[in-house]
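Results of the structural survey
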Amino acid sequence: MEYVRVGCAWLIAVVFAITAVSKARDLSGFARSLPDLVPVSRALRRPLAVLVAALEGLAALLVAVPLLAGAPGVAAYGLALALALLTAFTVAIAVPLRRGQRAPCRCFGVSAAPLGPRHLVRNGLLITATLLGLALPMGAPAPAGTVVAGVAGLIGAILVAAFHDLVDLFAGA
């Protein structure tokens, strides 16, 4: 089970690294999109955008660095931060959807695609991976198995980043 934990941890680390970098690359655009999701004053948009991108980057580092250093128990702090962020993001998506608002998804950078139920599903999958990463045993798996689990997490992260496009592809949109 430690390989599942390692794979889930790498999945979360890579997803949060991708989202942090994509938001940092277009911080002004991300800041402009925030009022569509949460009530935030004009003066606080940019600081909130910086905070979100920084926390995503911190979560990625807190998960990845301990895994690379062979201290997987420390990665739990990054996973806990990721869980808190994912919960907040899920609420920030669900509330406007409930009101019938369809703001553009800026989760993985610039996109005109509106938020929808698929984003709640994606976040649910990420929350599940985070919970598995927190709940499964923190043993030190063999290096070869760790590499395989890490690659599986990386592939999973790429699929999560392309989730919107994959849903459109298979749904025929």
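Structure: above.
To start, this report covers the structure provided alongside it.

1. Notes on helix H4 (residues 75-98)
For H4, which comprises 24 residues, the first-to-last C-alpha distance of 34 Å matches the rise-based estimate of 34 Å (1.5 Å per residue) to within 8%. Gly-100 sits one or two residues past H4 and shows a positive phi near 85 degrees.

2. Considerations on a nonpolar patch on the surface
Among the surface-exposed residues, Val-147, Val-151, Ile-155 and Leu-159 lie close enough to one another that they form a single nonpolar patch of about 360 Å² accessible area. With respect to the helices and strands, the residue Ile-155 is situated in helix H6 (residues 143-161).

3. A look at the packing of aromatic side chains
Inspection of the entire model under this criterion finds zero aromatic pairs. The ring of Phe-30 is capped by Lys-23, whose NZ or CZ atom sits 5.3 Å from the centre of that ring.

4. Concerning the nonpolar core
Trp-10, Leu-11, Ile-12, Phe-16, Val-63 and Leu-126 are the most contacted members of the largest nonpolar core, which has 28 residues in total. Of all the elements in the fold, those that place two or more residues in this core are helix H1 (2-25), helix H3 (42-69), H4, helix H5 (117-135) and H6. For this core, the leading source of residues is H1, giving ten residues.

5. Focus on the environment of Pro-143
Within the secondary structure layout, Pro-143 lies in helix H6. For Pro-143, a relative accessible area of 65% gives the class exposed. Pro-143 sits 73 residues away from Gly-70 along the chain, and the two C-alpha atoms are 9.8 Å apart.

6. Some remarks on the environment of Leu-83
Topologically, Leu-83 is positioned in helix H4. For the pair Leu-83 and Leu-68, spaced 15 residues apart in sequence, the C-alpha to C-alpha distance is 21 Å. Each residue touching Leu-83, except ones within four places of it in the same chain, is listed here: Ile-127, Thr-130, Leu-131 and Leu-134.

7. Concerning the packing of H5 against helix H7 (residues 163-171)
It is at 10 Å that the axes of H5 and H7 come closest, and there the two elements cross at 125 degrees. The orientation of H5 relative to H7 falls into the category oblique. The interaxial crossing formed by H5 with H7 has right-handed handedness. Between H5, through Arg-118, His-119, Val-121, Arg-122 and Leu-125, and H7, the contact on the second element is made entirely by Phe-163, His-164, Val-167 and Asp-168. The residue makeup of the contact of H5 with H7, split by class, is four nonpolar, two polar and three charged.

8. A short note on the packing of H4 against H5
Contact pair H4 / H5: the axes reach a minimum separation of 9 Å and the direction vectors enclose 160 degrees. The orientation of H4 with respect to H5, classified from their angle, is roughly antiparallel. The crossing of H4 and H5 is left-handed. Note on element contacts: H5 touches H4 through Pro-117, His-119, Leu-120, Arg-122, Asn-123, Leu-126, Ile-127, Thr-130, Leu-131, Gly-133 and Leu-134, opposite Ala-76, Leu-79, Ala-80, Ala-82, Leu-83, Leu-86, Thr-87, Phe-89, Thr-90, Ile-93, Ala-94 and Leu-97.

9. Description of the environment of Ala-53
Among the secondary structure elements, Ala-53 is positioned in helix H3. Ala-53 sits 32 residues away from Val-21 along the chain, and the two C-alpha atoms are 7.5 Å apart. Leaving out residues up to four positions away in the same chain, Ala-53 has contacts with Ala-20, Lys-23, Ala-24 and Leu-27.

Definitions and cut-offs
- Residue numbers run consecutively from 1 along every chain, following the written order of its sequence.
- Owing to the predicted nature of the model, reporting of local features is limited to residues with pLDDT of at least 70; listing and counting of side-chain atom pairs is limited to 80 or more, with chain, interface and lining totals taken over all residues.
- To obtain the side-chain values, all non-hydrogen atoms of the structure were used and water was disregarded.
- Counting from the N terminus, the helices are DSSP H or I runs at least four residues long and the strands are E runs at least two residues long.
- Each residue after the first adds 1.5 Å to the expected span of a helix.
- Exposure above 30% relative accessible area and the absence of a salt bridge qualify a residue for a patch, where like charges join within 9 Å and nonpolar side chains (Val, Leu, Ile, Met, Phe, Trp, Tyr) within 5 Å.
- Each accessible area is a Shrake-Rupley result for a 1.4 Å probe, and residues are judged covered by the shown protein chains and nothing else.
- Only one rule defines a salt bridge in this text: a Lys or Arg side-chain nitrogen within 4 Å of an Asp or Glu carboxyl oxygen.
- For Phe, Tyr and Trp, where Trp contributes only its six-membered ring, two rings pair if their centres lie within 6.5 Å, and the inter-plane angle classes them as stacked under 30 degrees, edge-to-face over 60, or tilted in between.
- Only when the NZ atom of a Lys or the CZ atom of an Arg is both within 6 Å of the ring centre and within 35 degrees of the ring normal do we say a charge sits over the ring.
- By convention a nonpolar core is built from buried Ala, Val, Leu, Ile, Met, Phe, Trp, Tyr and Cys residues, the set being connected through side-chain atoms within 4.5 Å.
- A simple rule labels every residue: compare its accessible area, found with a 1.4 Å probe on the protein chains alone, to the largest value its type can have, and call it buried under 20%, exposed over 50%, or partly exposed in between.
- Contact between two residues is taken to exist if any of their heavy atoms lie within 4.5 Å; hydrogens are not considered.
- Between N-to-C directions, angles span 0 to 180 degrees; the directions come from axes that are lines fitted to C-alpha atoms, helices contributing only their stretch in contact.
- Roughly parallel means an angle under 35 degrees; roughly antiparallel, over 145; roughly perpendicular, 65 to 115; everything else is oblique.
- Two helices crossing with the near one rotated counterclockwise from the far one by less than a right angle form a left-handed crossing, whereas a clockwise rotation gives a right-handed crossing.
- Polar here means any residue outside two lists: the nonpolar Ala, Val, Leu, Ile, Met, Phe, Trp, Tyr, Cys and Pro, and the charged Asp, Glu, Lys and Arg; Gly therefore counts as polar.

These results come straight from atomic positions and should not be treated as a statement about function.
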